[in-house]
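Spelled out from the first residue to the last, the chains are:
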Number of protein chains: 2
Amino acid sequence: MGLFSSFSFATNKRVGLSLLATACFTAAACSSAPEPNSSVAAKATVTEAAPFAIAIHGGAGTITRASMTPARERAYREKLAEAIAAGQQILAAGGTSMDAVIAAVQVLEDSPLFNAGRGAVYTWDEQHELDAAIMDGSNRAAGAVTGVKTIKSPIALARKVMEESVHVMLSGAGAEEFADLHQLERVDNSYFNTEARFDALQRMKQQLGSQDKTAWQQLDARFKYGTVGAVALDTHGNLAAATSTGGMTGKRYGRIGDSPVIGAGTWADNGSCAVSATGHGEYFIKYQVAADICARVTYQGKDIVSAGDTVIHEVLMPVGGTGGVIIVDGQGKVHMPFNTEGMYRASQQGDGPVHIAIYADEN
Amino acid sequence: MGLFSSFSFATNKRVGLSLLATACFTAAACSSAPEPNSSVAAKATVTEAAPFAIAIHGGAGTITRASMTPARERAYREKLAEAIAAGQQILAAGGTSMDAVIAAVQVLEDSPLFNAGRGAVYTWDEQHELDAAIMDGSNRAAGAVTGVKTIKSPIALARKVMEESVHVMLSGAGAEEFADLHQLERVDNSYFNTEARFDALQRMKQQLGSQDKTAWQQLDARFKYGTVGAVALDTHGNLAAATSTGGMTGKRYGRIGDSPVIGAGTWADNGSCAVSATGHGEYFIKYQVAADICARVTYQGKDIVSAGDTVIHEVLMPVGGTGGVIIVDGQGKVHMPFNTEGMYRASQQGDGPVHIAIYADEN
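The name an unreviewed UniProt entry gives chain A is Isoaspartyl peptidase, with Pseudidiomarina maritima as the organism.

(A) Highlighting the sheet that holds strand 4 (residues 169-171) of chain B. Residue and element names in this part refer to chain B. One open sheet accounts for 8 strands, arranged 4-3-2-6-5-1-11-12; its pairing is mixed. Unpaired on one side and paired on the other, strand 4 and strand 12 (354-359) mark the two borders of the sheet. Neighbour to neighbour, the strand axes of the sheet diverge by 10° on average, direction disregarded. Sheet topology note: the strand 1 (residues 53-61)/strand 5 (residues 228-233) ladder contains 5 bridges and is antiparallel. Residue pairing across strands places Ile 54 opposite Ala 232, the latter belonging to strand 5. Those strands touched by helix 4 (residues 97-109) are strand 1, strand 2 (130-136), strand 5 and strand 6 (239-245), and its axis lies near 155° from that of strand 5.

(B) Up close: the relation of the copies chain B and chain A. After a rotation of 180° and a shift along the axis of 0.0 Å, chain B superposes on chain A with an RMSD of 0.0 Å. Look at the turn and shift together and you get a two-fold axis relating the two. By C-alpha distance to the rotation axis, the residue of chain B lying nearest is Tyr299(B), at 2.9 Å. Looking at chain B, 100% of its interface residues are interface residues in chain A too, so the copies touch through the same face.

(C) Main features of the interface of chain B and chain A. Contacts between chain B and chain A engage 46 residues on the former and 46 residues on the latter. Together chain B and chain A conceal approximately 3700 Å² of surface at their shared face, both sides included; 64% is due to carbon and sulfur atoms. The largest share of the area that chain B buries against chain A comes from Val166(B), Tyr253(B) and Tyr299(B), three residues that together contribute 22% of it. Counting across the interface, chain B meets chain A through 0 salt bridges.

(D) View of the packing of aromatic side chains. The full count for this structure, using the stated rule, is 12 aromatic pairs over all chains. Between the aromatic rings of Tyr191(A) and Phe192(A), the centroid separation amounts to 5.0 Å while the plane-to-plane angle is 80°, which identifies the pairing as edge-to-face. Tyr191(A) sits in the partly exposed class, given a relative accessible area of 22%. With a relative accessible area of 0%, Phe192(A) lands in the buried category. Taken together through their ring pairs, the aromatic side chains of Tyr76(A), Phe114(A) and Tyr344(A) make up a single cluster. A cation over a ring is seen here: Lys205(A) above Trp124(A), with NZ or CZ 4.7 Å from the ring centre. In this structure, Arg118(B) packs its charged tip against the face of Tyr191(B), placed 5.2 Å from the ring centre.

(E) Region of interest: the packing of helix 10 (residues 289-300) of chain A against helix 10 (residues 289-300) of chain B. Between helix 10 of chain A and helix 10 of chain B, the shortest axis-to-axis distance is 10 Å and the interhelical angle comes to 50°. Here helix 10 of chain A is positioned oblique relative to helix 10 of chain B, judged by the angle of their axes. The two elements helix 10 of chain A and helix 10 of chain B meet at a crossing, and its hand is right-handed. Between helix 10 of chain A and helix 10 of chain B, the residues in contact are Asp292(A), Ala295(A), Arg296(A), Tyr299(A) and Gln300(A) and Asp292(B), Ala295(B), Arg296(B), Tyr299(B) and Gln300(B), respectively. Here the contact of helix 10 of chain A with helix 10 of chain B is composed, by residue class, of 4 nonpolar, 2 polar and 4 charged.

(F) Fine view of the environment of Ala295(B). In this structure, Ala295(B) sits in helix 10. Exposure remark for Ala295(B): the relative accessible area of 10% places this residue in the buried category. C-alpha of Ala295(B) to C-alpha of Asp269(B): the two residues are 26 residues apart in sequence and 9.8 Å apart in space. Other than its neighbours up to four places away in sequence, Ala295(B) contacts Ala295(A), Tyr299(A) and Gln300(B).

Cut-offs applied
Residues numbered from 1 in each chain as written. Chains lettered and ligands numbered in written order. Predicted model: local features only at pLDDT ≥ 70, side-chain atom pairs only at ≥ 80, totals over all residues. Heavy atoms only, no water. Pairing = 2+ DSSP bridges. Helix = DSSP H or I, 4+ residues; strand = E, 2+ residues; numbered from the N terminus. Axes fitted to C-alpha atoms, helices over the stretch in contact; angles between N-to-C directions. Contact = heavy atoms within 4.5 Å. Least-squares fit on C-alpha atoms with pLDDT ≥ 70 in both. Buried area = accessible area lost by both parts, 1.4 Å probe. Salt bridge = Lys/Arg side-chain N within 4 Å of Asp/Glu carboxyl O. Phe/Tyr/Trp six-rings, centres within 6.5 Å; stacked < 30°, edge-to-face > 60°. Buried < 20%, exposed > 50% of the residue type's maximum accessible area, 1.4 Å probe, protein only. Lys NZ or Arg CZ within 6 Å of the ring centre and 35° of its normal. Parallel < 35°, antiparallel > 145°, perpendicular 65-115°, else oblique. Left-handed = near helix turned anticlockwise from the far one by under 90°. Nonpolar A, V, L, I, M, F, W, Y, C, P; charged D, E, K, R; others polar.

Okay, structure coming up:
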C-alpha cells in the first residue's frame, strides 16, 4: 500500500442534496451512506431523478501547502470550480456527458495554471506538443491526437477525430491538416508560452545535467506531471472521459504519454466506468491503468472505489508509478484516488455540493 | 457469433513431439488432449523440459484460395516457416522470448510479402509510415514507435525505446533522431516501395472516389489489413509480444493504428498471456483487444482459447471489427483466432511440428 493508501475519498459518502427535489439521486449512494436527516431522505422516494455527475482533475504530483501561496491556491480552486460548473450546467440541463467533459476540459485548457492547452509545458526543444483523447462510453467511439503544435483546443480536435474521421488516433502535422478541414482554431506555438513553464524547463535541464537515463528517471516529480481531464455521467446513462495535456516537461524524440493512449490515460464504457488519468504516463501505459480499473469492475465485480484504489495504490505505487485518476460509474458514484502529495481535483454529483480539493489530506 | 466462429483452432490439440525427449512439454496440453500413443506419452514423464513456444502472424483479411496463385501461396508459407525457425532456434537454445519475437518479426519485415518493413503499404500521400511495438511480459517493459519513415527495422527501434529511453512511445522525426543516437539502420523512404502496394493504393483511391467517411469505412477489407507479429514463451517462463506494420493503405493525417498502442495491438504479461493483433486497428484500439484477452484470463480465469474466441468472435465481430490475434500463455499453449477469410499464421511448440496455415478452413 502506498503513502496515501489510508486516504480513500469517495464522494458517494457526501451525497449532494438540492433543495428542490433529488435528495438522493443514486441508490448506491443512499445505501452506502444513509443521510442522518431522515426527513430529507424520505423526500427522495417521491421523485427519483436520473443521476448525473462530473469529476475533473488538473494534474497530480508534488503539490504541497509549503509550495503554494494563498493567492495561487485560490486561483486553482476558482478555476476548478469554473470547470466543474461548465460541465455540470450541461448535465443538469439534460445535455450529454460528451458535451460536459469537453466544456470542463476546455476551461482548464484555456487557463495557464494547468499543463494542457494554454499552460502546456515545454519540450526539450522549447516547443509545445499537445496530446488529447476522448471516449464515449455508450458506443466505444474514441478520438485522440498527439504531438499537435498549433491547435488551440486539443480536446476539441480529439472529438472531431472521433466524430468526423475513420481513424481513432491522428498525429503531428497530419492531425493539424485534419483540423483545418474542420475549421478548428489554430494558433502559433508561442500561444502556449508561459514564463513559469519556461523556467521549469530550465530548472529541469539544470537538475538533469547529462542526459543519462537514470538521472531522468530520478527527476523531481513536478517535471513529470500535470494533465487535465474530466469524466461524466449524464442523465441518459452515458459515460464519457476526456484528457488533455502538454505532456512531460523536457520530453524528447516525439514522446507520446498515456493521455492520448486509449485504455491507458482515457477510457469510458457504460458497462463499467469512465476514467481519466494523470501521472507518470509511461507507467500508466504499461499498466493500462484506465482500462484495467474498468476491467476489474466488469470482470471482478468490484466497485470503482476498490478497483481504483487497488490499481493506484497496490499495482502502481510499488513499481514507482506515481499519479492518480478520476472515476465515475453508471450510478454517478465518483472516486478520485492518487498516490502523490496532491492532485488538483473537483467533483459534483447531481445538484449537490461542489467538492474541490488539492492536497492528500483533504476529503 | 461470426462467420468463422465454428473454426476454433487450438494448437494445444496438436502437441508437438520430438523424437529425442520432450514428448509432452506442457501439463495443460497433455491433460486437454491426451496423445493416443500411450508409449509416447509415457516417455514424457521421464524428462519434462521447460515448455517454450512461438506463434507468428503476417496479417488477416480477405485471403482466399481464389485470390492466390500456387507460387504466391508457396512463397508465403516458406517465409512463415523461415520466421518461425528464426525465433524457435533462439528459444530452443535457451534464449529469451524477447530475442525470439524480434528475430521472427525481422524476417517478416525484411520480406516484401508482408505489410511491415520492406513491404509496407503506401499512405495517401504515397509515402510509408511505419509503426511497431514490443512488450516484455516479465516486467511490463514496453517500447513503441509510430510514424517512422526511414527506419529499416521498426521493431528493432521499438526495442531500443524500451531498453534505452525513459519513454515508452516515440513518434515521427523525434523517434528517428533517437534511432540515430543508437546507430539503428536508416534507409530512404523509397526502400519500402513495392509495385504491388503502389497498385493497391491506386485501386483503393479509385474505389474510394470521393473522400467520404462512409465510403472509406466500406473499403474492401484488403486495404485495411496486414501487419506482422510474434508472441513467444521462453524456457525461463517469460512471455513477449512484438508487432510491426505499415498500417492501413491510404491512411492519412498521421493516422496511428493499434499496432503501436500497448494494450490494443500488443500486450504481454507473464501472469496471463502475450498477444499480437492484426486487423482493422481502430476497433482493436476501442476494444483494447490484446489487453482485454489477457484481462479475461487474469480476472475471469478463462484459458486463452475461451478468452481469445470471445473477444474475436463475440465482441469484435458483431461491431464489424475484423481481424485476428495470436496468443501464447505461460504453459506454452498457443491459440490464433480470427474472424476473416484468412490469416497468415504459424506456430511451433517446443521442438514439435511447425504449423503453418493461411485459410480459415485449415487447422
